[in-house]
Amino acid sequence: MSKANQKREQYTNPWFFALELGFFAGLIWGGIQWLMYVMRFTKVIPGFMVEPFFRHDFLLTPAGQIAGYLSFIAFSVIVSLLYVLILRKLKGPLPGLLYGILWWTAIFIGGSRYFLMQPPFRLPWNSVISEFCLFLLWGMFIGYTAAMEYTDERKREQSTKLA
C-alpha cells in the first residue's frame, strides 16, 4: 500500500450520517414512546405531532399510531440533520441533553396549542415526566452519537501511527 493511500483520511458525509442517525433515533425512541403509551406511562398519543393533519379518532386506531410512529421518525431525521450540520463538533453528552430539552420545550410548551390535546401542565405529571425523559434521552442519543462520530480521537491516533 502506498503512502498516499495510507495518508488519505476517510471523512463521514454529514448528510448521509444525519439521515441514518435520525432514522435510528426515530425508530428506537419512537418505539419507546409508543411502548410508554401502550403501558400507560403517558397519555400523549404517539401521533401527537400529526394531530393538526388527522382527526384525533383516527390517531387512536392502529393505523393512526403507525402514522404517529412514522411522523416521529421523520421528525427525528429533520432534527438530526439540524444537529449534525450545526452542532456536530460539540463534545460529550451535555449538548445533546440540552438539545432534547430544547425540543421538548418547543413542542410541549411552545407548540401545545397545535400538537397536544391539552397544555402540558394539564396532563398528568407522569405523562409530563415520561415525555420529558424520553426527549432528554432522545436528544442525548442524537448529540452523543454525532459527537462520537465527529470528535473521536481514536481515528486520529490511528491515522498518525500509519504515517
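Residues numbered from 1 in each chain as written. Predicted model: local features only at pLDDT ≥ 70, side-chain atom pairs only at ≥ 80, totals over all residues. Heavy atoms only, no water.

### Quick word on the overall build of the chain
Counting secondary structure elements, the chain contains eight helices and zero strands. What you see in the chain, going N to C, is helices and strands ordered as α-α-α-α-α-α-α-α. Looking at the chain as a whole, 39% of its 163 residues qualify as buried. The long-range share in the chain, meaning contacts at least 24 apart out of those at least 6 apart in sequence, stands at 74%. Put simply, the chain shows about 9,900 Å² of open surface, and 67% of that area lies on carbon and sulfur atoms. (Helix = DSSP H or I, 4+ residues; strand = E, 2+ residues; numbered from the N terminus. Buried < 20%, exposed > 50% of the residue type's maximum accessible area, 1.4 Å probe, protein only. Contact = heavy atoms within 4.5 Å. Areas by Shrake-Rupley, 256 points an atom, 1.4 Å probe, with all protein chains shown as cover.)

### A short note on the side chain of Ser127
As for its position among the elements, Ser127 is in helix 7 (residues 125-151). We classify Ser127 as buried; its relative accessible area is 1%. Residues contacting Ser127, with those up to four places away along its chain left out, are Phe41, Thr42 and Lys43.

### With respect to helix 2 (residues 14-38)
Between its terminal C-alpha atoms helix 2 stretches 35 Å, which fits the 36 Å expected from 25 residues at 1.5 Å a residue. Within helix 2, burial applies to Pro14, Phe17, Ala18, Leu21, Gly22, Ala25, Gly26, Trp29, Gly30, Gln33, Met36 and Tyr37. Lining the buried residues of helix 2 we find helix 4 (62-87) and helix 7. Here helix 2 starts with a cap whose side-chain oxygen sits 2.9 Å from the backbone nitrogen of Trp15, and that cap is Asn13. Positive backbone phi, approximately 65°, marks Arg40, located one or two places after helix 2. (Expected span 1.5 Å × (residues − 1). Polar contact = N/O pair within 3.5 Å; in protein donor to acceptor, adjacent residues only side chain to side chain.)

### A word on the nonpolar core
Phe48, Phe135 and Trp138 are the most contacted members of the largest nonpolar core, which totals 32 residues. For this core, the secondary structure elements donating two or more residues are helix 2, helix 4, helix 5 (94-110) and helix 7. (Core = buried A, V, L, I, M, F, W, Y, C linked by side-chain atoms within 4.5 Å.)

### Details of the pattern of salt bridges
For the structure shown, the criterion picks out one salt bridge. A salt bridge links Arg55 to Asp57; the nearest nitrogen and oxygen atoms lie 3.9 Å apart. With relative accessibility at 64%, the residue Arg55 sits in the exposed group. (Salt bridge = Lys/Arg side-chain N within 4 Å of Asp/Glu carboxyl O.)

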